[in-house]
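Overview (structure and organization)
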Amino acid sequence: SQQGEEDPQALSIQEGENATMNCSYKTSINNLQWYRQNSGRGLVHLILIRSNEREKHSGRLRVTLDTSKKSSSLLITASRAADTASYFCATDTTGGFKTIFGAGTRLFVKA
Amino acid sequence: NAGVTQTPKFQVLKTGQSMTLQCAQDMNHEYMSWYRQDPGMGLRLIHYSVGAGITDQGEVPNGYNVSRSTTEDFPLRLLSAAPSQTSVYFCASSYSTGTSGLYEQYFGPGTRLTVT
């Protein structure tokens, strides 16, 4: 079974709009990470947020973490066609080294 | 730095054949892992290693073996290939913070395996 569940499964927006993706997980975590995957490629790390952090920013990316609700969100502001990709959340469970990935959100940004 | 490299890029096997997928990293990372990705799904952890000589099972270890004799290399062996093992396989590496979990993982380009 997968730890992380992303919502929505797919998202289509216009260039310049903001994109928000959500991730829910089941067990206590050390940290939560977001990755991007372009079609047919390996995953690229975007941002890591630790369990004692609530919000992090990196360029046009903003990630929030609510450990009480076991959920996280990724916001991409002012989206570009190049942001078209699949986005995955991944969690490291407390006390272990097993990184568990969600099924991903497929984002399509129309030019 | 080459980062994480995987060979081969593509492979077709017949049911029952065995093979080894190669993975190497040149970043001196303690942690290495293997994932499989099936269509429309996220990655599922097969096996991982926290250092040379230390390996452990992930979510879906059956049918796969690993070993870690050096820091750089982490090969994945398919013992007797089955059609259910048709997938894209990714190797990744990372620094480990010990009890505080992992840093970002660096992924290889993947191996696309088809078992007929």
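For the structure itself, look to the data block above.
**A short note on the sheet that holds strand E3 (residues 19-24) of chain A**
Residues and elements named next belong to chain A. The sheet built from five strands is open, its strands ordered E1-E3-E8-E7-E6 with antiparallel pairing. The strands lining the two open edges of the sheet, one partner per strand, are strand E1 (5-7) and strand E6 (55-58). When strand polarity is set aside, the average angle formed by the axes of neighbouring strands in this sheet is 15°. Pairing geometry for E1 and E3, over three bridges, is antiparallel. From the neighbouring strand, Glu 5 faces E3, where its bridge partner is Ser 24.

**Observations regarding the nonpolar core**
Formed by 21 residues in total, the largest nonpolar core has its most connected members in Met21(A), Leu32(A), Trp34(A), Leu74(A), Ile76(A), Tyr87(A) and Leu107(A). Apart from the residues lying within four places of it in its own chain, the contact partners of Leu107(A) are Leu11(A), Ile13(A), Ala19(A), Met21(A), Ile76(A), Asp83(A), Thr84(A), Ala85(A) and Tyr87(A).

**Notes on the interface of chain A and chain B**
In this complex, chain A contributes 24 residues to the contact, which on the side of chain B involves 29 residues. Joining chain A to chain B, the criterion identifies zero salt bridges. Linking chain A to chain B there are four residue pairs in polar contact (both at pLDDT 80 or more). Among the elements that take part in the side of chain A that touches chain B, strand E4 (residues 29-37) of chain A stands out by supplying five residues, more than any other. Considering only residue class, the side of chain A that touches chain B consists of eight nonpolar, 11 polar and five charged.

**Describing the pattern of salt bridges**
This structure, assessed with the given rule, holds four salt bridges over all chains. The partner of Arg62(A) in a salt bridge is Glu55(A), and the shortest N-O contact between them spans 3.2 Å. Overall, the relative accessible area of 31% leaves Arg62(A) in the partly exposed class. A salt bridge links Arg36(B) to Asp38(B); the nearest nitrogen and oxygen atoms lie 3.0 Å apart. For the pair shown, Arg36(B) and Asp38(B) are each scored as buried. A network of salt bridges, in which partner residues are shared, links Arg36(B), Asp38(B) and Arg44(B).

**Here we look at the side chain of Gln105(B)**
Secondary-structure assignment places Gln105(B) in the loop between strand E9 (87-94) and strand E10 (106-107). At 3.0 Å, the side chain of Gln105(B) and the side chain of Tyr35(B) are in polar contact.

**Considerations on the state of the cysteines**
Scanning all chains against the criterion turns up two disulfides over all chains. Through a disulfide, Cys23(A) is tied to Cys89(A); the S-S separation comes to 2.0 Å. The sign of the S-S torsion, about 65°, decides the handedness of the disulfide formed by Cys23(A) and Cys89(A): right-handed. Highlighted residues: Cys23(A) in strand E3 and Cys89(A) in strand E9 (residues 85-93), separated in sequence by 66 residues. The class of Cys23(A) is buried, set by a relative accessible area of 1%. The partner cysteine of Cys23(B) in its disulfide is Cys91(B), sulfur to sulfur 1.8 Å. For the disulfide bridge between Cys23(B) and Cys91(B), the dihedral angle about the S-S bond is near -70°, and by the sign convention the bridge is left-handed. Taken as a pair, Cys23(B) in strand E3 (residues 19-25) and Cys91(B) in strand E9 lie far apart in primary sequence, 68 residues in all.

**A word on the packing of aromatic side chains**
By the definition in use, this model includes seven aromatic pairs over all chains. Among the aromatic residues, those joined into a ring-pair cluster are Tyr35(A), Phe101(A), Tyr35(B) and Phe107(B). Geometry around Phe74(B) places Arg68(B) over its ring, the cationic atom sitting 6.0 Å from the centre.

Thresholds, definitions, all that
Residues numbered from 1 in each chain as written. Chains lettered and ligands numbered in written order. Predicted model: local features only at pLDDT ≥ 70, side-chain atom pairs only at ≥ 80, totals over all residues. Heavy atoms only, no water. Pairing = 2+ DSSP bridges. Helix = DSSP H or I, 4+ residues; strand = E, 2+ residues; numbered from the N terminus. Axes fitted to C-alpha atoms, helices over the stretch in contact; angles between N-to-C directions. Core = buried A, V, L, I, M, F, W, Y, C linked by side-chain atoms within 4.5 Å. Buried < 20%, exposed > 50% of the residue type's maximum accessible area, 1.4 Å probe, protein only. Contact = heavy atoms within 4.5 Å. Salt bridge = Lys/Arg side-chain N within 4 Å of Asp/Glu carboxyl O. Polar contact = N/O pair within 3.5 Å; in protein donor to acceptor, adjacent residues only side chain to side chain. Nonpolar A, V, L, I, M, F, W, Y, C, P; charged D, E, K, R; others polar. Disulfide = S-S within 2.5 Å. Phe/Tyr/Trp six-rings, centres within 6.5 Å; stacked < 30°, edge-to-face > 60°. Lys NZ or Arg CZ within 6 Å of the ring centre and 35° of its normal.

The values are spatial; any link to function lies outside them.
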